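Examining the three-dimensional arrangement
Chain residues, written in single-letter form:
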Amino acid sequence: MSEVPLRSLLFIPGDSEKKLGKVDDCGADAVILDLEDSVAPANKPLARELVPAFLAERPREKRKPQLWVRVNPFDTGMTVEDMVAIMSGAPDGIMQPKTNTPEDVRRLSHYLDALEAANGVEPGSTKILPVATETAIAPFHLGDFATAGLERLSGLTWGAEDLSAAMGASTNVDASGEWAFTFKMARSLCLMAAHASGVQAVETLYVDFRDDEGLRASCRAARAEGFTGRIAIHPAQVAGINASFMPSAEEIDHAQRVLDAFAANPGAGTVGLDGKMIDIPHQKQAERLLAQAQAFGAG
Ligand code: COA
Ligand code: MG
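Residues numbered from 1 in each chain as written. Chains lettered and ligands numbered in written order. Predicted model: local features only at pLDDT ≥ 70, side-chain atom pairs only at ≥ 80, totals over all residues. Heavy atoms only, no water.

**Looking at the overall build of the chain**
Along the backbone of the chain there are ten helices and ten strands. The C-alpha atoms of the chain give 19 Å as radius of gyration, which agrees with the globular expectation for 299 residues (19 Å, within 12%). Viewed in the frame of its principal axes, the chain has a C-alpha envelope of about 65 × 50 × 35 Å. Considering only contacts within the chain whose residues lie at least 6 apart along the sequence, 70% involve residues at least 24 apart. Accessible surface for the chain amounts to roughly 14,000 Å². Of this, 54% is attributable to carbon and sulfur atoms. A distance of 2 Å separates the average location of the 28 positive side-chain charges in the chain from that of its 41 negative side-chain charges. (Helix = DSSP H or I, 4+ residues; strand = E, 2+ residues; numbered from the N terminus. Rg over C-alpha atoms; globule rule 2.2 N^0.38 Å. Contact = heavy atoms within 4.5 Å. Areas by Shrake-Rupley, 256 points an atom, 1.4 Å probe, with all protein chains shown as cover. Lys, Arg positive; Asp, Glu negative; His and termini not counted. Charge placed at Lys NZ, Arg CZ, Asp CG, Glu CD.)

See the structure below:
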């Protein structure tokens, strides 16, 4: 993974001036300005005006948090219109919902090639984060991301709500309240595909935004499994997500000691630390962890 993983990505409905007004102080590592399902059809034109204006007031070099946009999927016929509307504002990335295959990402990437050039945006600088489990076919293609050579691919995330709708499922949880088997499977495939592709693994949203304790427990479990960050739907979720996906003091200390051990043995591929063998993957993981701690330490 070359990029520093984002801990929290907060959704903001793109037609809500009031909610857009919360972005600068929300504390999220990224926000996702939504043009898709949180915006009713009648309000899409309004969102296509508000979002680029909002972006333009916050040029990339001054931006915190990162500003991403979720566009409408290809089967709505609205993707081109959305993309043309927003690219003047140079979003940091595009969330692509209802992605069926890596070829969908490639198609969006071609749009970006043209729209970056048309808007004076640095070529290749706009990232893509697909929601890669929202249709019945999508989970079957997750493994293909690893070999698709998609340079803009920044992460993979998954969603249970649209997948339920796609299957006519009346629930996505089992009797104990856990994800039902089909959704667990989609989640795990997404997690493995992200790591196989060397990109961020972004956990789906936690619906009950008043349950901070439950959110934190769920985030800790997700991080322990290998997820690197999480979607938020309410500003009250940001602090819990950031804290849960932040490397702990012990992890930071260990990572520093890993790097120190390699620095003390220049050219070595493996070294010993506390009686254990560590090798290049440990070094890379330590570098990533320290970069994340440094990038988002103030969050
Ligand atoms: N972004 C920015 N501000 C938000 C917000 C969000 N996602 N969600 C809530 N707020 C603001 C509210 O406007 C409110 O502001 P105020 O105190 O100035 O009145 C404050 O936070 C408290 O909100 P609250 O009353 O607790 O929630 P709500 O009932 O207004 O909104 C939701 C609940 C779920 C509708 C709202 O959180 C939301 O729109 N979430 C994003 C949904 C989305 O984008 N989904 C798409 C991905 S699945
Ligand atoms: Mg959806």
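**Examining the pairing of strand β4 (residues 93-96)**
Consecutive side chains along a regular strand alternate between the two faces of the sheet. On β4, burial covers both faces: G93 and M95 on one face and I94 and Q96 on the other are all buried. Here strand β3 (residues 66-70) pairs with β4 via three bridges, running parallel. By the bridge assignment for β4, W68 is matched with G93. The β-α-β motif built from β3, the intervening helix α3 (residues 79-86) and the parallel element β4 has right-handed crossover chirality. In the classification by handedness, the crossover that spans β4, the intervening helix α4 (residues 102-119) and the parallel strand β5 (residues 127-130) is right-handed. (Buried < 20%, exposed > 50% of the residue type's maximum accessible area, 1.4 Å probe, protein only. Pairing = 2+ DSSP bridges. Right-handed = clockwise from strand over helix to strand, strands pointing away.)

**Quick word on the domain arrangement of the chain**
In terms of domains, the chain is made up of domain 1 (8-244) and domain 2 (249-295). For domain 1 versus domain 2, the separation of C-alpha centres amounts to 31 Å. (Domains from an automatic or database assignment.)

**Regarding the site of ligand 1**
Taken together, 16 residues surround ligand 1, and among them F11, K18, K22, I233 and H234 come closest. Contacts to ligand 1 include K22, whose side-chain N or O atom sits 2.5 Å from an oxygen atom. Between ligand 1 and the protein, one listed contact pairs an oxygen atom with a side-chain N or O atom of R210 at 3.1 Å. For ligand 1, the protein covers 63% of the area, taking 890 Å² as the surface of the free molecule. (Near = heavy atom within 4 Å. Polar contact = N/O pair within 3.5 Å; in protein donor to acceptor, adjacent residues only side chain to side chain.)

**Considerations on helix α10 (residues 280-296)**
With 17 residues, α10 should reach 24 Å at 1.5 Å per residue; the first-to-last C-alpha distance of 24 Å fits that figure. Taken together, the buried positions of α10 are A286, L289, L290, Q292, A293 and F296. Along the axis of α10, the buried residues cluster in a sector spanning 160°; they form a single face. For α10, the exposed residues lying more than 90 degrees away from the buried face are K284 and Q294. The elements touched by buried residues of α10 are α7 (212-225), α8 (238-245) and α9 (249-264). (Expected span 1.5 Å × (residues − 1). Arc of directions from axis to C-beta.)

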